[in-house]
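# Analysis of the macromolecular model
Spelled out from the first residue to the last, the chains are:
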Amino acid sequence: MLDLAHGYHQNALICLPQDLHTLYVYWDFTPARIRILVDFFHHVRPEMELTLRLCRQDCPLPEQQLTLESLEPGWRYFSNLDDRAAYHLELGAQSPEGEFVLFSRTPVFQIQPGRTVEPAGARQLPPGLNPDWTIPPEGQQSGSNFSWS
C-alpha cells in the first residue's frame, strides 16, 4: 500500500477504476487527522461510526456504503457500478438513525467518461478519414505523404 499520510503528511482518499464496473478505493489519514477523528468519536458523537459511501450523482441516497472498523489505512473494491453514471465518494460519520456528518468528499468522476455506444458492426471514423487507408507492411513504401517512422 502507499504510505501517503506518514510519508507525505497528506490525507488520502483515492479512487482508481479497475474495469468498467469496479472501483478500487484507498484511504490513509495523517496522525493529526486521526487525532481529530478520535476526539470527534470519543467526545462529540460516540454513537456514530466512520463510514465510506459511494454516491451516484443522479440518486439522493448512497448506492453502497462501508463502515470502517479502524482509522488505519485501508482499501475496498466497490463493484456493480454503472459505467455511464457519475459518482463521488464521501467519508464521514453516520449515526444509528442514519444522520451523516461529512468529513471529506472526492470530486465527481465517471468510470468511462464520454462513452458512446455504437450499433453492432458500425465503424465510426473521424470526418474525412477514408476507411480504405491502411498502413503498408513493414519494408514497403506508403502510397501517401505520411511517414510512419
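In the block above lies the structure referred to throughout.
In this report, we go over the structure that sits alongside the text. Here the structure is a predicted model, which means the values were calculated and not measured.

With that out of the way, let us pick up the side chain of E90. Along the chain, E90 falls in strand β6 (residues 86–94). Judged by relative accessible area, which is 11%, E90 ranks as buried. At 2.7 Å, the side chain of E90 forms a polar contact with the side chain of R53. A polar contact of 3.1 Å, which involves the side chain of E90, links it to the side chain of H88.

Next up on the list: the pairing of strand β2 (residues 22–28). Of all the seven residues making up β2, seven are buried; the element is thus mostly covered by neighbouring parts of the structure. What you see with β2 is no split at all: T22, Y24, Y26 and D28 on one side and L23, V25 and W27 on the other are buried throughout. Of the pairings in the sheet, the one linking strand β1 (residues 12–19) to β2 comprises seven bridges and is antiparallel in character. Paired with L16 across the bridge in β2 is Y24. Hairpin connection, β1 to β2: the antiparallel pair is bridged by two residues.

A word on the sheet that holds strand β5 (residues 74–79). Strand order in the open sheet made by the three strands is β1-β2-β5, with antiparallel pairing throughout. The sheet is open, and its two borders are formed by β1 and β5, each paired with just one other strand. Taking each pair of neighbouring strands and ignoring which way they run, the sheet shows an average axis angle of 20°.

This brings us to the pattern of salt bridges. All told, the structure shown has seven salt bridges when counted by the stated rule. A salt bridge links R45 to E47; the nearest nitrogen and oxygen atoms lie 2.8 Å apart. Residue class for E47 comes out partly exposed when judged on its relative accessible area of 36%. The salt bridge partner of R53 is E90, with a shortest N-O separation of 2.7 Å. With R53 in strand β3 (residues 49–56) and E90 in strand β6, this residue pair connects regions lying 37 residues apart in the sequence.

What follows covers the packing of aromatic side chains. On inspection of all chains with the given rule, the structure shows seven aromatic pairs. Relative to F103, the ring of F40 lies with its centre 5.4 Å away and its plane at 90°, an arrangement referred to as edge-to-face. Here F103 lies in strand β7 (residues 100–105) and F40 lies in helix α2 (residues 31–44), a separation of 63 residues in the sequence. In this structure F40 comes out as buried when scored by relative accessible area, which is 16%.

Once that is clear, we can look at the nonpolar core. The biggest cluster of nonpolar side chains holds 24 residues, and the ones touching the most others in it are L23, V25, W27, L52, L54, F78 and L89. Those elements that place two or more of their residues in this core are β2, α2, β3 and β6. With four residues, the top contributor of residues to this core is β6. For L54, the residues in contact, after removing those within four places along its chain, are L23, P62, E63, Q64, F78, L81, Y87, H88, L89 and F109.

A word on the environment of A32. When you line up the elements, A32 lands in helix α2. Taking the relative accessible area as the measure of exposure, A32 reaches 38% and is therefore partly exposed.

About the cut-offs
- Residues numbered from 1 in each chain as written.
- Predicted model: local features only at pLDDT ≥ 70, side-chain atom pairs only at ≥ 80, totals over all residues.
- Heavy atoms only, no water.
- Helix = DSSP H or I, 4+ residues; strand = E, 2+ residues; numbered from the N terminus.
- Buried < 20%, exposed > 50% of the residue type's maximum accessible area, 1.4 Å probe, protein only.
- Polar contact = N/O pair within 3.5 Å; in protein donor to acceptor, adjacent residues only side chain to side chain.
- Pairing = 2+ DSSP bridges.
- Axes fitted to C-alpha atoms, helices over the stretch in contact; angles between N-to-C directions.
- Salt bridge = Lys/Arg side-chain N within 4 Å of Asp/Glu carboxyl O.
- Phe/Tyr/Trp six-rings, centres within 6.5 Å; stacked < 30°, edge-to-face > 60°.
- Core = buried A, V, L, I, M, F, W, Y, C linked by side-chain atoms within 4.5 Å.
- Contact = heavy atoms within 4.5 Å.

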